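Next come the chains, spelled out residue by residue.
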Amino acid sequence: MTNNKRITIDPITRLEGHGKIEIFLDDKGDVERAFLQIPELRGFEQFAVGRPAEEMPRITPRICGVCPTAHHMASTKTLDDLFHVEPTPTGRMIRELIYNAFQFEDHTLHFFFLGGPDFVVGPQAPAGDRNILGVIGKVGLEIGGKVIRARREAREIINYLGGKIIHPVCGLPGGVSKALDEEHRVQFLDSAKFIVEFSQFALQIFDDIVLKNKEYVDIVVGDAYQIKTYYMGLVDEKNKVNFYDGDIRVVEPEGKEFAKFKARDYLDHISEHVEPWTYVKFPFLKNIGWKGFVEGKDSGVYRVAPLARLNASDGMATPLAQEHYEKMYEVLGEKPSHHTLAFHWARLIEALQASESMVQLLENKDILDPNIRNIPTETPTEGVGVVEAPRGTLFHHYKTDEKGIITEANLIVATVNNAAAINMSIEKAAKALIKGGKVTEGLLNMTEMAFRAYDPCHACGTHALPGDMPLVIKIYDKDRELVKQLKK
Amino acid sequence: MSTEKPKVAFYWCASCGGCEEAVIDLAEDILKVVEAVDIVFWPVALDFKKKDVEAMKDGSIAVSFINGAVRLSEQEEMVKLLRQKSGLVVAFGSCSHLGGIPGLGNFWNKETIFRRAYLTTPSTDNPDGTVPLEKTEVDGKELTLPRFYDTVYTLDQVIDVDYYLPGCAPPPDLIMNALQAILEGKLPPKGAVLSPNKSLCDDCKRNESKPEKLTIKEIKRPWEVELDPEKCFLAQGVICMGPATRTGCGERCIEANMPCRGCFGPTDQVIDQGAKFLSSLASILDTDDEKEIEKIVDTIVDPAGTFYRFSLPSSIFRRRRMEDIK
Amino acid sequence: MANEAFEPKLVGFLCNWCSYTGADLAGTARMTYAPNIRIIRVMCSGRVDPQFVLKAFIEGADGVLISGCHPGDCHYQEGNYNALRRHRLLSKMLEQFGIERERFRLEWVSAAEGVKFQQICDEFTEQIKKLGPLNLNGGKDEHREA
Ligand code: SF4
Ligand code: SF4
Ligand code: SF4
Ligand code: FES
């Protein structure tokens, strides 16, 4: 008897405290359900209570050391709202500079170190080559050096203005704590120009290696990696992609605008569903409702992050990125695109927009104005702040007493918005790749690819160093005896 | 075999991943390390399993670097296993060393944290009152989660620790120094924190701007005032944990014109960082008048959460009194 | 109530020059006062490190008293003012840990005030009896022990 099988995809990185995938087969040996479990909770919403509001930008980044800048910025923007103060024009420019530098370096990290190697090196390449070293082997050492330099220079900007690259500290209501001087503006402008070049070049690599290869393109647009959902993202007044500010726009699976709202009204549009088998919650569109892990227009499941942002917008905010945006939808043949693997492409287009924005900000000498902060004068009450983290729309919401001490906090973290969709993508890929109880080695990586396209935080670092992709599939018979183990 | 490279393990507990980033940030230097040692366990980057560690001889790992605090049963099991297999254990980063920011959870307990996360946040839609369970059955399929403790623990409250690498996250130069010291066997006495044993103020550029006798009449919150980029924060009336914090970070926050929050923990002479800072702050309040003292104390809005920002689990009390939490 | 049989454990840090002598006076004069308090002699109330107070509580004290010379009388000039500033700030912080203000007292007792010392002890004992045991558990954890 081989029915009632249980498969544990056990990437140790995500198992020990950080996530595991369990797949259950039915009597025929086909996939019945797949679960991504996140066995982690730290309770920030609770222990924020009692803290002075202005400390939140220094507390909440510890939710995630991979995207601390996103939490720092969302938190700082929440303080603007809470203290009823607008940042000075320079304060805002400096924040946007930091934020775009961060968006660039994080996207680049993902493309070259984490999820991208599957493409660049090839999904069928030996596991030991699917990492940054494999990438360098394929694209050449010189380029490898450029990757490292581009990231280092972007990170230097954050380090200089934010104090620390891991957990920056410069955000205050009404602005920032540190000004930019001419010497550094010139230096950073040089970096930014190099970074624009680099981002274009990264898209060129994607073009050469992925788009010119029919096999890859087939995988990208294949059925295993497609789910139809709603999409969410921040847009500016012209409905162009914006990472730092704007309105939240949601489009239907067919592309029609479904909602457009201000951060302050997020509770009218988003709710979170709880399951007993994971510590993570599942956000959904409130006006549609939670219908379970299902696709389509009648299900409240939505997606966020690069492809979702592009889907939810009418274009990019910068010229070069806009060209690539147009090209992408032309190749994919539809907008919105539901191809999960196209997240990688969208990610590179976003990195380009972020780089172009850095140049724009640094070419404007207004960024040197010493007036970096408006000091609040009104009594704090309640605030909501939102940014587009690399991994999606990030909401912070605080209430305080009249002294500005937190009485309530609510956070919807970027990756969490995608939690339901990630589960569904894994299930779909598994269903397409496991049939009649037959589990092939290729499944390991294909399932992982579905998962990694979202760049979920808890998967960070996986490909960062030489070594195997850590993944094991365990197959148990109905008595839960281990009958087979696949390991890369 | 003397030619064998020393074996090294990395592990993360309740951690934000920033400490792992800090290691990855060593960039080219990490390759030198990889050459000199044999990394036998690193869940974030390499494919080795718990059972591989179980199969190792006791003490056969030269050194394990462990980041993150301990809050889940699974983490406790793993670190106990690593202790058994390792010659040296280094607590890496504030969370592991002192409890870190997640340690602020010790103002609460499991029940209140769950209630907030799964029942009362305004975006939660949970009419059945579902909360995550250690064991669940979904359509006859059993799924398990690790147990969540009431209290966050520092690493040395769960296992014996040999050295501490401070910081949230530890800076690259300290990490490299520590690795070199270990590789060359030039180690300080057991229990040492691998950063100079003096206060941050001793190294801070702004120290010179401190008046002969530092006194303050008023406490200012960072958002309330313009922050002078040159003057000592305490002299500006802004709380800065410098006097009660160990040096070694390169005054990173101060460089960004923000006061220190103490992520490096205290110096060797001090057990309880918060109490130590309280003591120094009280002594510079510039008044003997009872009423005035009370007025100033009133403006120090969150002493416990500020003085123990990173060190609550390692404090003398470790946590808030359980009975007080409703 | 279990509290009826509850005998609070109190710790008193007394400055050598005034308060300790005052307490001594209470003792030698055979004034009877509640026996709950364990006295620790310090050179000056200003020498009581807040860490001592936390230690006392975590090791089982249900209440802690610091007693020094009257304002202006401190043998080290400023010591008792320092104690006053610390006491007010520490009391506020202790509340955040769930320790009621009444459990941590600061008093001025001169060498001649044996009676005052006796009264303080009695009153403090009564007050803590009403509040009940402190039960700081320093991190004992039912979910971990389970
Ligand atoms: S010490 Fe800081 S960087 Fe390291 S895991 Fe803890 S919060 Fe993250
Ligand atoms: S208190 Fe802060 S600003 Fe002042 S000298 Fe010390 S570390 Fe520097
Ligand atoms: S200044 Fe203080 S809080 Fe900032 S990194 Fe240094 S020790 Fe940590
Ligand atoms: S000597 Fe008695 S309080 Fe200072």
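Definitions and cut-offs
- Residues numbered from 1 in each chain as written.
- Chains lettered and ligands numbered in written order.
- Predicted model: local features only at pLDDT ≥ 70, side-chain atom pairs only at ≥ 80, totals over all residues.
- Heavy atoms only, no water.
- Helix = DSSP H or I, 4+ residues; strand = E, 2+ residues; numbered from the N terminus.
- Buried < 20%, exposed > 50% of the residue type's maximum accessible area, 1.4 Å probe, protein only.
- Contact = heavy atoms within 4.5 Å.
- Areas by Shrake-Rupley, 256 points an atom, 1.4 Å probe, with all protein chains shown as cover.
- Pairing = 2+ DSSP bridges.
- Axes fitted to C-alpha atoms, helices over the stretch in contact; angles between N-to-C directions.
- Near = heavy atom within 4 Å.
- Nonpolar A, V, L, I, M, F, W, Y, C, P; charged D, E, K, R; others polar.
- Salt bridge = Lys/Arg side-chain N within 4 Å of Asp/Glu carboxyl O.
- Domains from an automatic or database assignment.
- Buried area = accessible area lost by both parts, 1.4 Å probe.
- Polar contact = N/O pair within 3.5 Å; in protein donor to acceptor, adjacent residues only side chain to side chain.

**A few points about the overall build of chain A**
Logical step 1: Assigned secondary structure in chain A consists of 16 helices and 16 strands.
Logical step 2: Sorting the 488 residues of chain A into buried and exposed places 72% on the buried side.
Logical step 3: Considering only intrachain contacts with a sequence separation of at least 6, the fraction spanning at least 24 residues in chain A is 68%.
Logical step 4: A total of about 14,600 Å² of accessible surface is found on chain A, and carbon and sulfur atoms cover 50% of it.

**What to know about the sheet that holds strand 13 (residues 392–400) of chain A**
All names here are of chain A.
Logical step 1: The strand order across the open sheet formed by three strands is 12-13-14, and the pairing between neighbours is antiparallel. Edge positions in the sheet fall to strand 12 (382–389) and strand 14 (406–412), since each has one partner strand and no second. Taken over all neighbouring pairs, the strand axes of this sheet differ in orientation by 15° on average, direction set aside.
Logical step 2: Bridge count for strand 13 against strand 14 is six bridges, and the pairing is antiparallel. For Phe395, the partnering residue across the bridge sits in strand 14 and is Ile412.
Logical step 3: Across the face of the sheet, helix 4 (residues 68–82) comes into contact with strand 12 and strand 13 while running at roughly 150° to strand 12.

**Examining the site of ligand 1**
Logical step 1: Taken together, A:Arg62, A:His167, B:Ser15, B:Cys16, B:Gly18, B:Cys19, B:Gly93, B:Ser94, B:Cys95, B:Gly167, B:Cys168 and B:Ala169 make up the full set of residues near ligand 1.
Logical step 2: What surrounds ligand 1 is not a single chain but chains A and B.
Logical step 3: Elements with a contribution of two residues or more to the shell around ligand 1: helix 1 (18–24) and helix 5 (94–98) of chain B.
Logical step 4: Across the shell around ligand 1, the residue classes tally to five nonpolar, six polar and one charged.

**Focus on the pattern of salt bridges**
Logical step 1: The tally for this structure, following the rule as stated, stands at 56 salt bridges over all chains.
Logical step 2: Linking B:Glu255 and B:Lys205 is a salt bridge whose minimum nitrogen-to-oxygen distance equals 2.7 Å. You can see B:Glu255 sitting in helix 9 (residues 252–255) and its partner B:Lys205 sitting in the loop between helix 8 (200–203) and helix 9, a full 50 residues away along the chain.
Logical step 3: B:Lys205 gets classed as exposed once you look at its relative accessible area, which sits at 60%.
Logical step 4: Between C:Glu78 and C:Arg85 there is a salt bridge, and its shortest N-O distance comes to 3.6 Å.
Logical step 5: For C:Arg85, a relative accessible area of 4% gives the class buried.

**Description of the domain arrangement of chain B**
All names here are of chain B.
Logical step 1: Annotation of chain B at the domain level lists domain 1 (7–101 + 150–184), domain 2 (110–148) and domain 3 (200–314).
Logical step 2: On a C-alpha basis, the centres of domain 1 and domain 3 stand 31 Å from each other.
Logical step 3: On the domain 3 side, the residues contacting the 15 residues of domain 1 number 13 residues.
Logical step 4: Taken together, the two surfaces of domain 1 and domain 3 that pack against each other cover about 1,100 Å², and 64% of this comes from carbon and sulfur.
Logical step 5: Contact with domain 3 buries surface across domain 1, with Leu98, Ile101 and Pro171 losing the most and accounting together for 41% of the total.
Logical step 6: Where domain 1 packs against domain 3, one counts five residue pairs in polar contact (both at pLDDT 80 or more).

**Quick look at the sheet that holds strand 1 (residues 10–15) of chain C**
Where strands meet in a sheet, backbone hydrogen bonds hold them as pairs that are either parallel or antiparallel.
All names here are of chain C.
Logical step 1: The strand order across the open sheet built from four strands is 2-1-3-4, with neighbouring strands paired in parallel fashion. One side of each edge strand has no neighbouring strand; the edge strands of this open sheet are strand 2 (37–42) and strand 4 (104–108). Between one strand axis and the next, the sheet turns by 20° as a mean value, whatever way the strands run.
Logical step 2: In the sheet, strand 1 pairs with strand 2 via six bridges, with the strands oriented parallel. Following the sheet pairing, Phe13 is matched in strand 2 by Ile40.
Logical step 3: Running at roughly 145° to strand 3 (residues 63–68), helix 2 (residues 50–58) makes contact with strand 1, strand 3 and strand 4 of the sheet.

**Considering the interface of chain C and chain B**
Logical step 1: The partner chain B presents 46 residues to the 37 residues of chain C that form the contact.
Logical step 2: In total, about 3,700 Å² of surface goes out of reach between chain C and chain B, with carbon and sulfur atoms giving 59% of it.
Logical step 3: Of all residues in chain C, C:Arg85, C:Phe97 and C:Arg144 give up the largest surface area on contact with chain B, accounting jointly for 21% of the area buried on that side.
Logical step 4: Counting the contacts that link chain C with chain B gives four salt bridges.
Logical step 5: Our enumeration of links across chain C and chain B arrives at 18 residue pairs in polar contact (both at pLDDT 80 or more).
Logical step 6: Sorting the residues of the side of chain C that touches chain B by element identifies helix 2, helix 3 (79–96) and helix 5 (142–145) of chain C as the ones contributing at least two each.
Logical step 7: Looking at the side of chain C that touches chain B, its residues break down into 16 nonpolar, nine polar and twelve charged.

**Concerning the site of ligand 2**
Logical step 1: Near ligand 2 the following residues occur: B:Cys201, B:Cys204, B:Asn207, B:Lys210, B:Cys232, B:Phe233, B:Leu234, B:Cys240, B:Gly242, B:Pro243 and B:Ile254.
Logical step 2: Across the shell around ligand 2, the residue classes tally to eight nonpolar, two polar and one charged.

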